[in-house]
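Chain by chain, the residues run as shown.
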Amino acid sequence: MGRKLLIHNDHIPNIHTLDVYRAHGGYASVEKALKIMQPDQVTEEVKKSGLRGRGGAGFPTGMKWSFLAKPEGVPRYLVCNADESEPGTFKDRYLMEKIPHALIEGMITSSFALGAKQSYIYIRGEYFYVARILEAAIAEAYAAGWLGKNILGTDFSHDCSVQVGGGAYICGEETALLESLEGKRGNPRIKPPFPAVAGLWGCPTVVNNVETIAAVVPIVNMGGEEYAKIGVGKSTGTKLISASGHINKPGVYEIELGITVEEFIYGEEYCGGIRNGKKLKAVVAGGSSVPILPTELILKTAKGEPRLMTYESLSDGGFQTGTMLGSGGFIAMDEDTSIVKNLFTFSRFYHHESCGQCSPCREGTGWIEKILKKFLDGTANESDVDLLWDIQSKIEGKTICPLGEAAAWPVAAAIRHFKHEFLEIARNKKFTDISHYDRLNKLARV
Amino acid sequence: MKVTIDGITIDVPKGTTILQAARMIGPEVAPPTMCYYSKLKTSGGYCRTCIVKVTQGSAANPTPMPKPVASCRTEVMDGMVVENTINKDVLEARKGVVEFLLVNHPLDCPVCDQAGECSLQDLGYEHGAATSRYEFPRREFERIDIGKYVQLHMNRCIMCFRCVKVADQLTEKRVHGVMHRGDAAEISTYIENVIENDFSGNVIDVCPVGALTDKTFRFKSRVWFTKPVDASCDCKKCSGKVRLWMKGEDVLRVTARKDQWGEAEEFICNECRFDKKKTSDWKIEGPTKVDRHSVISQNHYNHLNELKVQVLKQQKALGFMDINKRP
Ligand SMILES: Cc1cc2nc3c(=O)[nH]c(=O)nc-3n(C[C@H](O)[C@H](O)[C@H](O)COP(=O)(O)O)c2cc1C
Ligand code: SF4
Ligand code: SF4
Ligand code: SF4
Ligand code: FES
């Protein structure tokens, strides 16, 4: 059994209530931080822990915190990114729904470290019921004195509120999130300045993922060094993985970073193998935007070493033969899956979610979707594969925010590893996998 | 601060953007712009035509920037080295941007009032490919009248956000913004509210394409059959410094005076723009001297010519054609 630090208590009845949560050691990190630590010491522990952002980019959290500008007399904010909209990712929802106090405790402890008197949890519109769970938990925390004025009799006061978004993927991009939180249209800002200098209402702001903030709790409790002992190299601690697709046991798993991909897919403790006795064909390991890998490359690196569930091992080989851990949205596909159709689904999503500010993403995502539709219709030509490649290469790296890359990478990876599938459709002028095609056809916006 | 653009070094004050520095050097190295407008705060960053490659971040930290950057929104650092017209990847990427801008663009130049003074035409001509690889239907909208004087032809909009910034920054009541998102986004006065105030006409001048046009000029003439004349009047609301577009003795259109980068020198009021259409309303200063495409003014001629030679030399050394040839 791997160690669990975040959702180890998820099976306990009523763990969502303050009393039960407290009875199982909840809010100890707030007590420890506020009573015996200085804010900078908390940041120091987070640095030592090696914790990296769990929202997708994997940026070291302690370093991010230490970049926060601290001008005299200007408020600072902590904003929790609970917009979780990357297809294949649903771990934050699980955590918030099951153990809302784990996030709220993390918010308080982290805000203490950052000197934030106010924090916000920005949650996607479709999670409105989770927002209610969080609000109920926040009300409990206020009533018990964990939030509000002079927490635990110290001079640290803190308010935390939940803001429900309108249900836009782009509002998960941190600066679009801040715009939306300010009540504006959720358009990503042009950087610099970065949120650490000018974030919410122009004030220094840290934006962190739900899981990142929740991980601060065990880090403060056990100490950064202890936490860093879990994992391999620069991938420390545990990670929530949202496992979906053609596996026997889809769900949210907390893993120790460093287990092998093979164990994660086939181990009984985790996904339990591919369903219906089928063979694995491909995996999207970190949410829909990261490159898809065929079985050979997801189980073993190009060098033939076993691929591990770590930031480094998954990206071994670069995009040529590797991928990314991303947000931990692990999608497994069996041998009957059409990569072309899967790509169409992803591309349709990115087209739909582009905010439209910059030309390459606004126009390129729609174009890609329309070309992929031709493949599903059996009207594509071989030259369309090259065109797709060229379009994605002209989006990548030329946009305001990384949604451009998120839209381009899946196209590049599908062509890189499964070009034959595209060519086969183009040559035969026929798309044979029709399992869900009619439905998709009706849904398609093209 | 010293910055080197396409091999030419210039000293600029702190806070200067790469684009501004490049414009100080001259049009030979200045990237094209479709959304940046020096007179509008927070403009730029959207169209991505002005992207350049930073091959050295600064003297202190010489590592190159990993991705191309929007020159209009990136400030120079001391010792920065930038490549624009001498970098093949930049030119290829820019070609891509032009193609993207044309994906949903009708290119109905023959019936477009903007033809002849259209930034997109110029851009396509200088940086685009000869044919489009886009084979699908383009998005279509109804034309909308925004008040008495301005027509919005959304089909031609390239989402540069300049008009939104004019509405934000120049006019008092902002009833004009963006609806929807992605390639469904559109400029809107939100349920056909009209912009009625003294400076609303400036949206026409800032629009780089034929999406916002002057209704009082519609189809009166192709711009190249009209003669631009600089004129002025005593106006209480604005500087009164305008450009008249004449045919014979008739004033067909009044616009702001545009500088060599196609930007209005000073914004003008609606009265000057729409109501003063008689020669007797104006004090004529003389024919407009500067043509946007022959930006080389007399006394700088030799200097700029040298620049051109320098840039061409570098391009030749890298083995590519003179892509910077101007009509
Ligand atoms: C289009 C887009 C969508 C994103 N969506 C999310 C999201 O839903 N949740 C999240 O935590 N981070 C998301 N991110 C990443 C955030 O911008 C940001 O990096 C993250 O919230 C930082 O938190 P972390 O350092 O704790 O990972 C998204 C980024 C992009 C470009
Ligand atoms: S990359 Fe896409 S989502 Fe991001 S700012 Fe540009 S258009 Fe908007
Ligand atoms: S806006 Fe420019 S490119 Fe478009 S139709 Fe008019 S003149 Fe042609
Ligand atoms: S209408 Fe013109 S000025 Fe306004 S966003 Fe479109 S192209 Fe730009
Ligand atoms: S001019 Fe710089 S991005 Fe448009």
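Residues numbered from 1 in each chain as written. Chains lettered and ligands numbered in written order. Predicted model: local features only at pLDDT ≥ 70, side-chain atom pairs only at ≥ 80, totals over all residues. Heavy atoms only, no water.

### Remarks on the domain arrangement of chain A
All names here are of chain A. Each assigned domain of chain A is listed here: domain 1 (18-229), domain 2 (237-334) and domain 3 (339-428). On a C-alpha basis, the centres of domain 1 and domain 2 stand 28 Å from each other. Taken together, the contact between domain 1 and domain 2 spans 16 residues of the former and 22 residues of the latter. Buried area between domain 1 and domain 2, summed over both chains or domains, comes out near 1500 Å², and the portion from carbon and sulfur atoms is 54%. On the domain 1 side of the contact with domain 2, R54, F90 and K91 bury the most area, a combined 31% of that side's loss. Inspection of the region where domain 1 meets domain 2 yields 12 residue pairs in polar contact (both at pLDDT 80 or more). The greatest single-element share of the side of domain 1 that touches domain 2, amounting to three residues, is contributed by helix 5 (residues 91-98). For the side of domain 1 that touches domain 2, the residue count by class is five nonpolar, six polar and five charged. (Domains from an automatic or database assignment. Contact = heavy atoms within 4.5 Å. Buried area = accessible area lost by both parts, 1.4 Å probe. Polar contact = N/O pair within 3.5 Å; in protein donor to acceptor, adjacent residues only side chain to side chain. Helix = DSSP H or I, 4+ residues; strand = E, 2+ residues; numbered from the N terminus. Nonpolar A, V, L, I, M, F, W, Y, C, P; charged D, E, K, R; others polar.)

### Considerations on the sheet that holds strand 2 (residues 8-11) of chain B
Residues and elements named next belong to chain B. As summarised here, the arrangement of the five strands in space is 2-1-5-3-4, forming an open sheet in which the pairing is mixed. Where the open sheet ends on each side, the last strands, each with one partner, are strand 2 and strand 4 (69-70). With respect to the sheet, helix 2 (residues 88-103) is in contact with strand 3 (51-56) and strand 5 (80-83), its orientation differing from that of strand 3 by roughly 160°. (Pairing = 2+ DSSP bridges. Axes fitted to C-alpha atoms, helices over the stretch in contact; angles between N-to-C directions.)

### Quick look at the site of ligand 2
Around ligand 2, 13 residues are found, and the nearest of them are A:C355, A:Q357, A:C358, A:C361 and A:C401. Per-class residue counts for the shell around ligand 2 are eight nonpolar, five polar and no charged. (Near = heavy atom within 4 Å.)

### So, the confidence of the model for chain B
Reading predicted coordinates in detail is not appropriate for stretches of low pLDDT. Residue and element names in this part refer to chain B. The predicted model of chain B has a mean per-residue pLDDT of 89, with 92% of residues at 70 or higher. Note that pLDDT drops below 50 for residues 292-302; the model gives that stretch 11 contacts with residues more than four away or on any other chain. The low-confidence segment residues 323-327 (pLDDT under 50) makes nine contacts with residues lying over four places distant or belonging to another chain. (pLDDT = per-residue confidence, 0-100.)

### Some words on the packing of helix 16 (residues 359-377) of chain A against helix 17 (residues 383-395) of chain A
Residue and element names in this part refer to chain A. It is at 10 Å that the axes of helix 16 and helix 17 come closest, and there the two elements cross at 160°. The angle between the axes of helix 16 and helix 17 places the two elements in the roughly antiparallel class. The two elements helix 16 and helix 17 meet at a crossing, and its hand is left-handed. On helix 17, the residues that touch P360, C361, G364, T365, W367, I368, I371, L372, K374 and F375 of helix 16 are D384, V385, L387, L388, I391, K394 and I395. Here the contact of helix 16 with helix 17 is composed, by residue class, of 12 nonpolar, two polar and three charged. (Parallel < 35°, antiparallel > 145°, perpendicular 65-115°, else oblique. Left-handed = near helix turned anticlockwise from the far one by under 90°.)

### Notes on the nonpolar core
Within the largest apolar cluster, 122 residues are counted, with the highest numbers of intra-cluster contacts made by A:W367, A:F375, A:L388, A:F422, B:L120 and B:I187. Ranked by residues supplied to this core, first place goes to helix 18 (residues 403-428) of chain A with 13 residues. Non-local contacts of A:F375, meaning those with residues more than four positions away in its chain, are made with A:V340, A:A380, A:N381, A:D384, A:V385, A:L388, A:F422, A:I425, A:A426 and A:F431. A:A33, A:M107, A:L114 and A:V216 belong to the second-largest nonpolar core, a separate cluster that totals 59 residues. (Core = buried A, V, L, I, M, F, W, Y, C linked by side-chain atoms within 4.5 Å. Buried < 20%, exposed > 50% of the residue type's maximum accessible area, 1.4 Å probe, protein only.)

### Here's the deal with the site of ligand 1
All names here are of chain A. As a matter of local geometry, ligand 1 sits amid 18 residues, with G55, E84, N208, N209 and T212 nearest to it. Note that an oxygen atom of ligand 1 is positioned 2.9 Å from one of the side-chain N or O atoms of K64. Here an oxygen atom of ligand 1 and a backbone polar atom of E84 are 2.9 Å apart. Surface burial for ligand 1 is 89%, taken as the share of its 600 Å² of free accessible area covered by protein chains. If one sorts the elements of the shell around ligand 1 by residue count, strand 4 (residues 205-209) sits on top with three residues. Classifying every residue of the shell around ligand 1 by side-chain character gives four nonpolar, eight polar and six charged. (Areas by Shrake-Rupley, 256 points an atom, 1.4 Å probe, with all protein chains shown as cover.)

### Remarks on the domain arrangement of chain B
Residues and elements named next belong to chain B. Segmentation of chain B into domains returns domain 1 (2-98), domain 2 (105-218) and domain 3 (220-288). With 15 residues of domain 1 at the interface, the matching set in domain 2 holds 19 residues. Around 1400 Å² of area is buried between domain 1 and domain 2 when both sides are counted, 69% of it from carbon and sulfur atoms. When the buried surface of domain 1 facing domain 2 is broken down by residue, M34, L40 and V98 rank first, second and third, together holding 44% of it. For the pair domain 1 and domain 2, the interface holds zero salt bridges. Across the domain 1-domain 2 interface, the total number found is six residue pairs in polar contact (both at pLDDT 80 or more). Residues that form the side of domain 1 that touches domain 2 fall into these classes: eight nonpolar, four polar and three charged. (Salt bridge = Lys/Arg side-chain N within 4 Å of Asp/Glu carboxyl O.)

### A word on helix 5 of chain A
Three or four residues apart is the spacing at which side chains of an α-helix point the same way, because the helix has 3.6 residues per turn. Of all the positions in helix 5 of chain A, only A:K91, A:D92, A:L95 and A:M96 are classed as buried. End-on, the buried residues of helix 5 of chain A take up no more than an arc of 125°, which puts them together on one face. (Arc of directions from axis to C-beta.)

### What about the interface of chain B and chain A?
Facing the 32 residues of chain B at the interface are 33 residues of chain A. Both faces considered, chain B and chain A share a buried interface measuring about 2800 Å² in area, 56% of it formed by carbon and sulfur atoms. The interface formed by chain B and chain A holds five salt bridges in total. Salt-bridge contacts for A:E353 lead to B:R181; the nearest nitrogen and oxygen are separated by 3.1 Å. At the junction of chain B with chain A, the criterion picks out 18 residue pairs in polar contact (both at pLDDT 80 or more). Of all the secondary structure elements, the ones that give two or more residues to the side of chain B that touches chain A are helix 2 and strand 8 (177-179) of chain B. The biggest single contributor to the side of chain B that touches chain A is helix 2 of chain B, with eight residues.

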